[in-house]
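Architecture at a glance
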Amino acid sequence: MSKGSTLFILLGLFLLGGVYSFWKQKQSKSLIAILAIGSVMAIGAGLLQL
């Protein structure tokens, strides 16, 4: 695995943790949606670089 793919996958997992945290705190749905989309994009970019 290259460093770039590892960083993107870790960033995506970090953002998924933020989505879970904001969901538990009942934050706004738009913020949760933006974080979820960002995390999926980061994980996807990391997997494409493998």
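Above this text is the structure in question.
Parameters and conventions
- What you see as residue numbers is a count from 1 along each chain, following the sequence as written.
- Given that this is a predicted model, residues contribute local features only at a pLDDT of at least 70 and side-chain atom pairs are listed and counted only at 80 or more, while totals for whole chains, interfaces and linings are drawn from all residues.
- Excluded from the side-chain calculation are hydrogens and water; included are all heavy atoms of the structure.
- By the criteria applied, helices consist of DSSP H or I runs no shorter than four residues and strands consist of E runs no shorter than two, each listed in order from the N terminus.
- Residue exposure (1.4 Å probe, protein chains only): buried if accessible area is under 20% of the type maximum, exposed if over 50%, otherwise partly exposed.
- Here, two residues are considered to be in contact whenever any of their heavy atoms come within 4.5 Å of each other.
- Within the patch definition used here, like charges are joined within 9 Å and nonpolar side chains (Val, Leu, Ile, Met, Phe, Trp, Tyr) within 5 Å, considering only residues with over 30% relative accessible area and no salt bridge.
- With residues, only the protein chains shown are counted as cover, and all accessible areas are computed by Shrake-Rupley using a 1.4 Å probe.
- Whenever Lys or Arg places a side-chain nitrogen within 4 Å of a carboxyl oxygen from Asp or Glu, that contact is recorded as a salt bridge.
- Throughout this description, a polar contact denotes any pair of N or O atoms lying within 3.5 Å of each other; where both atoms belong to protein, one of them has to be capable of donating a hydrogen while the other can accept it, and for residues adjacent in sequence the pair is counted only when both atoms sit in side chains.

1. Observations regarding the overall build of the protein
- Within the protein, the regular secondary structure consists of two helices and zero strands.
- Counting only C-alpha atoms, the protein reaches 35 × 15 × 10 Å along its principal axes.
- The buried share of the protein, taken over its 50 residues, is 20%.
- Here the contacts in the protein between residues at least 6 apart in sequence split such that 63% fall between residues at least 24 apart.

2. Topic: the environment of Phe-14
- Inspection of the secondary structure assignment puts Phe-14 in helix H1 (residues 3–24).
- Looking at Phe-14, the relative accessible area reads 64%, which means it is exposed.

3. A few points about a nonpolar patch on the surface
- A cluster of nonpolar residues, Phe-8, Leu-11 and Phe-14, forms a patch on the protein surface that exposes about 310 Å² of accessible area.
- Take Phe-8: it is sitting in helix H1.

4. A word on the side chain of Ser-5
- Along the chain, Ser-5 turns up in helix H1.
- In terms of polar contacts, Ser-5 uses its side chain to reach the backbone carbonyl oxygen of Ser-2, at 3.0 Å.
- Not counting chain neighbours up to four residues away, the residues in contact with Ser-5 comprise Gly-46, Gln-49 and Leu-50.

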